[in-house]
Structure formats: C-alpha cells, structure tokens
Amino acid sequence: MRIVVISGKGGTGKTTVTASYAHLSQSMTVKVDCDVDASNLHLMFPTKVHERYGFKGAKKAVVEDWNCSLCGRCISSCKFEALSMNDKVIVSDLLCEGCGACRYACPSDAIRLEAVTTGDVILSEMPNGLISRAEMIPGEEGSGKLVSEVRKQADRSERDHQLLDGSPGIGCSVIASITGTDVGVVVTEPTQSGLEDMKRVLALMKHFDVVPYVLINKYDINEDIVRAIETLCLGEKIEIIGKVPFDSKVNLAINQGTPIVAFKDSVAGRAIEKSFYKLKERILS
Amino acid sequence: MDVVVLSGKGGTGKTTIATNLSKILGYAYVDCDVEEPNGYIFLKPKISEEKEVKLWNPTMNNNCLLCGRCVTACEYNALVKVLDKIMIFEELCHGCGACQLACDNEAIEGFDRTIGILKKNHEFAMGQLNLREPMGGPIISVLKKETNHFEHRILDAPPGTSCSVVKAVQGSDYAILVTEPTAFGLHDLKLAIQLIQDMKIPFGVIINRYESHTLIDDYLNDMNIPCIGRVPFSREAAVQYSKGDLLIESEKYHQVFEAIGHQVRRLL
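In this report, we go over the structure that sits alongside the text. Please read all numbers here as calculations on a predicted model, not as lab measurements. (Residues numbered from 1 in each chain as written. Chains lettered and ligands numbered in written order. Predicted model: local features only at pLDDT ≥ 70, side-chain atom pairs only at ≥ 80, totals over all residues. Heavy atoms only, no water.)

## Focus: the layout of surface pockets
Leftover empty space is mapped by rolling, across the atoms, a probe with the size of a water molecule.
Piece 1. One number sums up the size of the second largest pocket: a volume of about 940 Å³.
Piece 2. Gly144, Lys145 and Cys172 of chain A together with Leu92 and His94 of chain B are, among the 35 residues lining the second largest pocket, the residues nearest its centre.
Piece 3. In terms of residue class, the lining of the second largest pocket is built from 13 nonpolar, 12 polar and 10 charged. (1 Å grid on protein atoms, 1.4 Å probe; cavity = no way out; pocket = protein on both sides within 12 Å on 5 of 7 lines; lining within 4 Å. Points joined across faces, edges and corners; volume = space filled by probe spheres on them. Nonpolar A, V, L, I, M, F, W, Y, C, P; charged D, E, K, R; others polar.)

Structure representation (structure tokens):
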C-alpha cells in the first residue's frame, strides 16, 4: 500500500501531517520524502544515514573548444537560449536542459553531452523504520527523475507499506510522486488559494487513479470556505478524514523537531491522530 | 527593473508579499507559479488578453524510413519505435528539436501543442499549466517575454529550487526571499540563498508571520544577510488572506508594506 500526502498549494501542512502519520505508523512502513528540492520530513526525527549516493539525473552540453569553428549553429539550434558566444561558445549550466540538439546542429562534432549529478539520494534509519529522501542541488534539472530515484530506493527496502510526502504544485515532481500510489491525502486549508489549488490536485489524482481523502488544516480560520470544501467533496464523493484547528504549538513542535502528535496537549496533534486512525480504518476495510 | 519573489519552502507567503508589494510600488505583477497561480485571487484583475501557450512537438511525414535516429537522439524518451511507426509521448517532449536535427530524411515536421494558458492586462500577467502537463518552464519563458515591455515587474516565483524557479529568477535585478520563522523555513531558505548566490543576483530576506526574535534573525545576523522586512503574524491577517483580500487594505499592514517598499526602492 502506498499513501501519498499532497496539497497543491505549498505550506498547508503536508510535512506536519506526514511526520505525524510516520510517527504513528509501524516500522514496516518506509517513509519517502518526494519533496526533493525542499526536503523537510527528516528534520522531525533523529536519523542515521545508511546509504548516500550521487544521482546523475540530467545531462549538460560541453563544447570542446579545439574542434569548434565558432560557426554559431549550435546557438541558433538551442531552444532554451542556453548557448552564447563570447570569443568561444559558452554553455549556461542553469539554462541547458541537456537535450543535445546543439550536438546535431554542430558540423564539427565539437559538442558532447555529459551526465551531471543533480542531487544525493539518501536512505536513513529513523526510530520506526526507514526514510528515503534526496537533496537536490539547487537549480538543477530533472526534479521528477530524482523523485523517481527516491521512490526506487524505497521500493528496494521491501517494506509492506510506503508513506510519501509530496511536493507542492501539479507538475513533474508531483506527477512523479503520485504515479502508482493507491491513496492520496490532500492537506488543504480554508483559504481561496488552498481551495483553488486543491481542485487542481484532485483532478490530477483522478487522472492517475489515486483514491483521494481530504484533511482540512487550520479549519477555524474561515468557516465559509470550509463549507465550500465540504460541498465540493460531497459532490465528488470524497471523504473528509479530519478537520485540524489552528494551533500555535505546531510551529513550536517543528522547531523542536517533534511530530505534533507526540507534542503534549496539542489540539492539532489530537485531530491529526484521529484522522490517522480513521484513514487506517478506511484502508483496511 | 525586475524584482523576483521566491522562497524555497512553499506557503511562506510569496504571493502575499508579491501582490501587496506590487500595489505599493506600482509595479506590474507577473505570476510565474504556473502550476498553482494564486495572485489573481488577491489582485482581481480584469483580463484583456488571453492566449494559449504552445510547445513544438514532432510529427513524422511520409519520408520516414523508421531508421530510429530520432529515437536515439531524444534524451527524454519521448519517442519510441513501434512496428511500423514512431510514436510520441507528448508529455515527455521538451520541444527541443533534437529529433528533427538528427533526422537525415527531412521526415520530421511539427505542430504546436497547447500546454497552458496566459492571461494578462496592462499591469498583470499569469500563466497556468494545463492539468497532466509536467513542464511549467516553457510557460514561464513565454510569460516573461510577453511582459518584457512592462517597465517594472514583480515576478512571483514557484516554490522550491528546481528548474522552473531558475526560469522565473533568471535575469532579475533583485530577489526577495520570503521565509517563515520555523526550522522548515530556515532549512529551505538556505537552499534558496544558495541558488540566488549561484545566480549572482542581489537579494534580501523578508520574514513573514513574525512574532518575536527567531532562529531566522540569528542566521541572517551570522551570515550578514540583510533582512528587508518583518511582516507580523496576526490572526486577522490570516483571515484576510483566506478571503482573498490584500493585507494592505488594513492600515497596520499598509505601513509594514510601505516600509518594505521604501527599502526595495532604496536598494534598487
């Protein structure tokens, strides 16, 4: 069973919820942080690194100056405007998408593609199980590929269940995070932005056949929008598995590196705990 | 003059800062978070122009001999040879044209496939990626080109530090990094700082939902990084945001943003 926590909008509380579910789940669940360019889940647990390796997830064009006749054909062939001429042809590492079109445009065979490391993939031990995650090098290409690599590492750990922390948005990283998962928990907040972004991510999940559940975080901020979320979910036959009140202890817990469910006297923690057992019940039945 | 607003971590308040500041400074607002654009919720613009954003995709004509060179050339595995034809997986195609250059028989033509939409008026623009499309990058590029004539722009970047963020940030004169006073905010702020320093763009930090001296203040002090504003936390602000209202509609926050605007003007 693969359960992904996702949101559309950033900062609605994905990692707070995932860390809590991770704390409550058994050691047979491997935790997977798919937010490779802003990975935070591991900050909530004491971890010990088991394995760490660089992942070559993209390519970059390299111009071999001794062959280059400075004809400039590569520059006009590049749709990403990554090449420029300044006494010699210069490749912008940040703009190059490693497509290799320049290589085919070059009459002098002066360009090759080189595989580059886009980040580190890390497997660590945590109090109840394993966590697979990555640290992407800021600005790199291919975050989706890195997510897939993190998930492959989790698959290799051969645990019965996987709990995945997704990234914001609906693009390549999110598609790579939700593909092949069974259940998705959409963490939303009752704001106009949260509502609009939730709609988009729910439509994406439908396309990828992921069974959706909704968790409303900070529900007491705007009861009108809570009703709008409830109406939408009712229409789409999506169950709301919990409503979590705003709780200033959440930030305290984050700053102490403690999942909110393990934090003393937190109303948010209790609500998230309840949603976990509700979800478990639904999945088992 | 382009000022880009980014954050690393999602939900720290990029859009809040970008929309309110665009009003205070009188700059045009350009929403580069094409996966989840939200700026329109707060600015409520009247859109005067709307157009589809397209990406070139290859198609094979009758010249195709099924030699498979295009398949080898495609770095994104978007082309596959099956029995009697070359198949394209459109969502994987970056529109780079390597296949066309690799083909010896002029067998590859192309068509422009819609991947999103662009909406704008004289002081606002946004891009929106179509569902199931993985790549927002091309939309951000088009969006920035189409709004190049705006004298001053606030660019609202996507969260994270991936290639879409690079596309939004590229070429900006100044960057505002928005963070929140949590360990998550700090962790991701460091990544955003690394990116912005790599790109050699001058920057300052805004701490959003500020209550009292935080771990972020300590870090900025230690690293000698300028903090150009602290937006105080209040439940009223959270409620205002939830309704889709600008914070500067309240007197207290108007002053906060005036002060930030003053700082930004001074730095530029």
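From this point, the narrative continues.
## Thoughts on the packing of aromatic side chains
Piece 1. Summed over all chains, the structure comprises 5 aromatic pairs over all chains.
Piece 2. Between Phe276 of chain A and Tyr277 of chain A, the aromatic rings sit 5.2 Å apart at their centres with planes inclined by 80 degrees, giving edge-to-face as the arrangement.
Piece 3. Judged by relative accessible area, Tyr277 of chain A falls into the partly exposed class, the value being 41%.
Piece 4. Connected via pairs of aromatic rings, a cluster forms that spans Tyr21, Phe276 and Tyr277 of chain A.
Piece 5. Sitting over the face of the ring of Trp56 of chain B, Lys79 of chain A holds its NZ or CZ atom 4.4 Å from the ring centroid.
Piece 6. Cation over ring: Lys243 of chain A sits above Tyr219 of chain A, and NZ or CZ is 5.9 Å from the ring centre. (Phe/Tyr/Trp six-rings, centres within 6.5 Å; stacked < 30°, edge-to-face > 60°. Buried < 20%, exposed > 50% of the residue type's maximum accessible area, 1.4 Å probe, protein only. Lys NZ or Arg CZ within 6 Å of the ring centre and 35° of its normal.)

## A look at a nonpolar patch on the surface
Piece 1. Taken together, the side chains of Val80, Met87, Phe89 and Leu92 of chain B present a nonpolar region at the surface, about 290 Å² in accessible area.
Piece 2. With respect to the helices and strands, Val80 of chain B occurs in strand β4 (residues 79–82). (Patch = residues over 30% accessible without salt bridge, like charges linked within 9 Å, V, L, I, M, F, W, Y side chains within 5 Å. Areas by Shrake-Rupley, 256 points an atom, 1.4 Å probe, with all protein chains shown as cover. Salt bridge = Lys/Arg side-chain N within 4 Å of Asp/Glu carboxyl O. Helix = DSSP H or I, 4+ residues; strand = E, 2+ residues; numbered from the N terminus.)

## Remarks on the interface of chain A and chain B
Piece 1. Taken together, the contact between chain A and chain B spans 60 residues of the former and 57 residues of the latter.
Piece 2. Taken together, both faces of the contact between chain A and chain B bury some 4800 Å²; the carbon and sulfur share is 58%.
Piece 3. On the chain A side of the interface with chain B, the three residues burying the most area are Tyr104, Pro138 and Arg200 of chain A, jointly 13% of the side's total.
Piece 4. For the pair chain A and chain B, the interface holds 6 salt bridges.
Piece 5. A salt bridge links Lys59 of chain A to Glu75 of chain B, with the nearest nitrogen and oxygen atoms 3.0 Å apart.
Piece 6. Contributions of two or more residues to the side of chain A that touches chain B are made by α1 (14–24), α3 (101–105), α5 (172–178), α6 (192–207) and α8 (249–256) of chain A. (Contact = heavy atoms within 4.5 Å. Buried area = accessible area lost by both parts, 1.4 Å probe.)

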